[in-house]
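Chain and residue survey
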Amino acid sequence: MQSIKSKDSIVYFQEETYVKLNKYLKKASHSTIFILVDTNTHEHCLAYFMSQLEVDTPIEVIEIEAGEINKNIETCSGVWNALSELGADRKSLLINLGGGVVTDLGGFVACTFKRGISYINVPTSLLAQVDASVGGKTGVDLGNLKNMVGVISESEMVLIDTNYLETLPNNELKSGFAEMLKHGLITDANYWQRLNQIKELTTTDLSSLIHESVTIKNKIVTVDPTEQNIRKYLNFGHTLGHAIESYFLTHPEKTTLLHGEAIAIGMIVESFLATKLTGLKTEELDIISKNFLAIYPKVVIHKNDYQSIIDLLIFDKKNVGGKVLFVLLNKIGEAVFNCEVPKDLLTDSLDYYNSLT
Ligand code: GLY
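The shown structure was predicted, so the numbers you read here are calculated from the model rather than taken from an experiment.

1. A few points about the pattern of salt bridges
- Evaluated as defined, the whole model comprises 15 salt bridges.
- As a salt-bridge pair, E54 and K26 come within 3.9 Å of each other at their nearest N and O atoms. With E54 in the loop between α3 (46-52) and β4 (59-64) and K26 in helix α1 (residues 16-28), this residue pair connects regions lying 28 residues apart in the sequence.

Structure, rendered in structure tokens:
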């Protein structure tokens, strides 16, 4: 499978991944290689990954607790301390072996430790393979606010090996699939249609589609690495989606939402907004809602919770001058950014979602 080059990084796929990694490791002569894992990837992925390495460089493993709840500055402190205690220097390399939490947090730790050491992403979840590990966004949550603190700085390389997906439960695969559906909705109607024809998420079916998603994302981030314009498209579904995710994260008694599950709701409600504001046809909204609800569980969002969710929008990173700015669709396969949305429509969009069956 063809590798994909971005400005400062390169994504390798399948059989090429470890050949390229070993070649790079031999040439770069790092002082120590640190592998960051979480409790899940320690158990399910580390042994396989280590068995692929052909280097004499000392290797140390650092483990963090799994879960979005741990994607915070306290966990970073733990990793910075571990690096420091284990003697990491500027010639050290950090390899992030895990899902989006590990690649986002590990990337941030690497970019800030001793003002920056090299890092590599080995994404083990579908979400991290098609989104989090590509494009250099690193960071952590601030309280319940998603990805509030971070930097954009690309990894040396990203290694996508779909073998890791075999270790994932189905809801995690679906969570990553939401980002792939997003890629279709914002840029490519044909890709969106093909994704919707998939009956079951198997690694065999997903392999070439993952490559397509990374190609779409990479084209966007290469043109606009720092999100001044078209990278904003990638936030489709994430404005209300992140607010819903943050809200449910701090109210675990209600429901636990994976990122993709929250973003799927975000894409439905933001598609509703698009029918009112940017010309998305109601027939297209119907298709979008039907397709998402066929994959993702319907969640009840109580009217009493609407205001708290809407209040969280003021923290959205795309906001300028206190204005909440959305990415909306003109049609399936085409998006527009910097859209202002009247407040009553936000409430209507949540009502619309709740009315779906
Ligand atoms: N996850 C959206 C982006 O990388 O811009």
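2. Quick word on the site of the ligand
- Near the ligand, the surroundings consist of D131, K137, K217, E227, R231 and L234.
- D131 has a polar side-chain atom sitting 3.0 Å from a nitrogen atom of the ligand.
- Within the contact set of the ligand, an oxygen atom lies 2.9 Å away from a side-chain nitrogen or oxygen of K137.
- Against a free-state accessible area of 200 Å², the protein chains account for coverage of 89% of the ligand.
- Broken down by class, the residue content of the shell around the ligand amounts to 1 nonpolar, no polar and 5 charged.

3. Quick notes on helix α5 (residues 100-112)
- Taking 1.5 Å per residue as the helical rise, α5 with its 13 residues ought to reach 18 Å, and the 18 Å between its terminal C-alpha atoms agrees with that figure.
- Among the residues of α5, G100, V101, V102, T103, D104, L105, G106, G107, F108, V109, A110 and C111 are the ones counted as buried.
- At the exit of α5 stands K114, carrying a positive phi of roughly 50°.

4. Some remarks on empty space enclosed by the protein
- Under the criterion given, the structure shown has 3 cavities of 30 Å³ or more.
- Considering the residues around the largest cavity, the lining is formed by L145, K146, M148, T239, H242, A243, S246, L312, L313, F315, D316 and K317.
- Here the lining of the largest cavity is composed, by residue class, of 6 nonpolar, 3 polar and 3 charged.
- By volume, the second largest cavity amounts to about 40 Å³.
- Forming the walls of the second largest cavity are S6, S9, I10, V11, S133, V134, G135, G136, E154, S155 and V158.
- The class makeup of the residues in the lining of the second largest cavity is 4 nonpolar, 6 polar and 1 charged.

5. With respect to the state of the cysteines
- Summed over all chains, the structure comprises 0 disulfides.
- Between C76, a cysteine without a disulfide, and C111, which holds the nearest cysteine sulfur, the sulfur-to-sulfur distance is 11 Å.
- We classify C76 as buried; its relative accessible area is 0%.
- For C111, a relative accessible area of 16% translates into the label buried.

6. Brief notes about the pairing of strand β11 (residues 334-340)
- Bridge analysis of strand β10 (residues 325-331) against β11 gives 5 bridges, and the strand direction is antiparallel. Counted as the bridge partner of L328 is V336 from β11.

7. A look at the side chain of N235
- Mapped onto the elements of the fold, N235 is located in the loop between α9 (203-223) and α10 (238-249).
- What makes N235 buried here is its relative accessible area of 12%.
- For N235, the side chain forms a polar contact with the side chain of E227, separated by 2.9 Å.
- Beyond its immediate sequence surroundings of up to four residues, N235 is in contact with K137, E227, E270, K318 and V327.

8. Points about the side chain of D316
- Looking at where D316 falls in the secondary structure, it is placed in the loop between α13 (303-312) and β10.
- Polar contacts involving the side chain of D316 include one to the side chain of K318, which spans 2.8 Å.
- Each residue touching D316, except ones within four places of it in the same chain, is listed here: H238 and T239.

Scoring rules and cut-offs
- Residues numbered from 1 in each chain as written.
- Predicted model: local features only at pLDDT ≥ 70, side-chain atom pairs only at ≥ 80, totals over all residues.
- Heavy atoms only, no water.
- Salt bridge = Lys/Arg side-chain N within 4 Å of Asp/Glu carboxyl O.
- Helix = DSSP H or I, 4+ residues; strand = E, 2+ residues; numbered from the N terminus.
- Near = heavy atom within 4 Å.
- Polar contact = N/O pair within 3.5 Å; in protein donor to acceptor, adjacent residues only side chain to side chain.
- Areas by Shrake-Rupley, 256 points an atom, 1.4 Å probe, with all protein chains shown as cover.
- Nonpolar A, V, L, I, M, F, W, Y, C, P; charged D, E, K, R; others polar.
- Expected span 1.5 Å × (residues − 1).
- Buried < 20%, exposed > 50% of the residue type's maximum accessible area, 1.4 Å probe, protein only.
- 1 Å grid on protein atoms, 1.4 Å probe; cavity = no way out; pocket = protein on both sides within 12 Å on 5 of 7 lines; lining within 4 Å.
- Points joined across faces, edges and corners; volume = space filled by probe spheres on them.
- Disulfide = S-S within 2.5 Å.
- Pairing = 2+ DSSP bridges.
- Contact = heavy atoms within 4.5 Å.

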